[in-house]
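Architecture and fold: a report
As a plain string of letters, each chain reads:
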Amino acid sequence: MEGNLQITGVSLTFLLIVIAIGLSYYQKLGVEKELGISSVRTVIQLMIMGYVLEYVLSIEHFLVVILILFCMTLFGAYTSSKRSFQIEGVFFISFISILLGVTISLGVVLVANSIALKAQYVIPISSMIISTSMNANSLALTRLRAEIISNRHQIEAALCLGATTKQASNSVIKSSIKAALIPSIDRAKTVGIVTLPGSMTGMIFAGISPLYAIKYQLLIECILIGSIAICVFCSTLLSYRKFFTTDDALDIQL
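Residues numbered from 1 in each chain as written. Predicted model: local features only at pLDDT ≥ 70, side-chain atom pairs only at ≥ 80, totals over all residues. Heavy atoms only, no water.

Here's the deal with the overall build of the protein chain
- In terms of helices and strands, the protein chain carries ten helices and zero strands.
- Listed N to C, the secondary structure of the protein chain is α-α-α-α-α-α-α-α-α-α in terms of helices and strands.
- Overall, the protein chain is about 70 × 50 × 35 Å in size when its C-alpha atoms are taken along their principal axes.
- Evaluated residue by residue, the protein chain yields a buried proportion of 32% over its 254 residues.
- Across the protein chain, every contact between residues at least 6 apart in sequence was considered, and the portion connecting residues at least 24 apart equals 71%.
- Of the roughly 15500 Å² of accessible surface on the protein chain, a fraction of 68% belongs to carbon and sulfur atoms. (Helix = DSSP H or I, 4+ residues; strand = E, 2+ residues; numbered from the N terminus. Buried < 20%, exposed > 50% of the residue type's maximum accessible area, 1.4 Å probe, protein only. Contact = heavy atoms within 4.5 Å. Areas by Shrake-Rupley, 256 points an atom, 1.4 Å probe, with all protein chains shown as cover.)

Below is the structure:
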């Protein structure tokens, strides 16, 4: 498979990016620049990571692996927090939430000895956890702010009747968590029927038995759902209080 993947073939696939940019321009969506920049960044970041992983996998040093995962989590939190910059301390909240999701889910798998404590297993799985948690975190926080703004009168009425900030925000917290979990739930419903995940497809491309690849994919699906749930629960519960003053009055920036 490796021998058939030529640079020219990969380069030609960038025509699809050009098509996407062209469609954006035609429909006046205004995302041409973002599509172009993200595509260039994808190439640069993947090239850098390729060389980094070549080095890391050759030395198998645990502290180096921890440092890479820390940097990945840090960047994931930064990217996610940019979507909800109006929330005070959103970067710290995002970082803690994603880190908890990664640590707990990966820790359970390592304790169960489902995967070996090696860079070639830990880094790819952790990257999937961080990326999905990052997306879910962004969705949860943007939905939380939107729900609080649209339901501010009900929340203020509940506060006037003596409800705590947690009680007044309970419905919007639940709605935000559900919204963040829906993509993962839908994905789990269709995996294997509509979707063949990238990790499973890659193993099949490499010549590994599909039944063997499925076992690892089941492991990954459980890890992702668990980590996402931990992340969004943590982020919403840490964030909702940021919309209230110290004397429990609703304070939002429209």
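Topic: the nonpolar core
- By size, the foremost hydrophobic cluster in this structure holds 24 residues, and its most contacted members are Val65, Ile98 and Ile123.
- Those elements that provide at least two residues to this core are α4 (62–81), α5 (90–111), α6 (119–150) and α10 (210–239).
- The residues contacting isoleucine 123, other than those within four sequence positions of it, are Leu53, Val56, Val65, Ile68 and Leu69.
- Counting residues in hydrophobic clusters, the runner-up holds 23 residues, among them Ala136, Leu144, Ala168 and Ile252. (Core = buried A, V, L, I, M, F, W, Y, C linked by side-chain atoms within 4.5 Å.)

Details of a nonpolar patch on the surface
- Among the surface-exposed residues, Phe14, Ile17, Val40, Val43, Ile44, Met47, Ile48 and Tyr51 lie close enough to one another that they form a single nonpolar patch of about 750 Å² accessible area.
- If you trace the backbone, methionine 47 turns up in helix α3 (residues 32–59).
- For methionine 47, a relative accessible area of 47% puts it in the partly exposed group. (Patch = residues over 30% accessible without salt bridge, like charges linked within 9 Å, V, L, I, M, F, W, Y side chains within 5 Å. Salt bridge = Lys/Arg side-chain N within 4 Å of Asp/Glu carboxyl O.)

A short note on the packing of helix α8 (residues 165–190) against α10
- Viewed as axis vectors pointing N to C, α8 and α10 meet at an angle of 160°, and their least axial separation amounts to 10 Å. Of the possible angle classes, the one that applies to α8 and α10 is roughly antiparallel. Our pair here, α8 against α10, has a crossing hand that is right-handed. Residues Lys166, Ile173, Ser176, Ile177, Ala180, Leu181, Ser184, Arg187 and Ala188 of α8 pack against Gln217, Glu221, Leu224, Ile225, Ile228, Ala229, Val232, Phe233, Thr236 and Leu237 of α10. (Axes fitted to C-alpha atoms, helices over the stretch in contact; angles between N-to-C directions. Parallel < 35°, antiparallel > 145°, perpendicular 65-115°, else oblique. Left-handed = near helix turned anticlockwise from the far one by under 90°.)

Some points on the confidence of the model for the protein chain
- Counting all residues, the mean pLDDT for the protein chain is 83, and 91% of those residues have values of 70 or more.
- No element of the protein chain has a lower mean pLDDT than helix α1 (residues 7–12), which averages 64, and none a higher one than α5, which averages 91. (pLDDT = per-residue confidence, 0-100.)

Some words on the packing of aromatic side chains
- With the rule as written, the count across this model stands at three aromatic pairs.
- Ring geometry for phenylalanine 70 versus phenylalanine 95: centroids 5.6 Å apart, planes at 80°, classification edge-to-face. Of this pair, phenylalanine 70 sits in helix α4 while phenylalanine 95 sits in helix α5, placing them 25 residues apart in sequence.
- Ring geometry for phenylalanine 75 and tyrosine 78: centres 6.3 Å apart, planes at 40°, overall tilted. Here phenylalanine 75 and its partner tyrosine 78 are both found in helix α4, three residues apart, which amounts to about one turn of the helix.
- According to the relative accessible area criterion, tyrosine 78 is partly exposed, its value standing at 44%.
- These aromatic residues form a ring-pair network of at least three members: Phe70, Phe91 and Phe95. (Phe/Tyr/Trp six-rings, centres within 6.5 Å; stacked < 30°, edge-to-face > 60°.)

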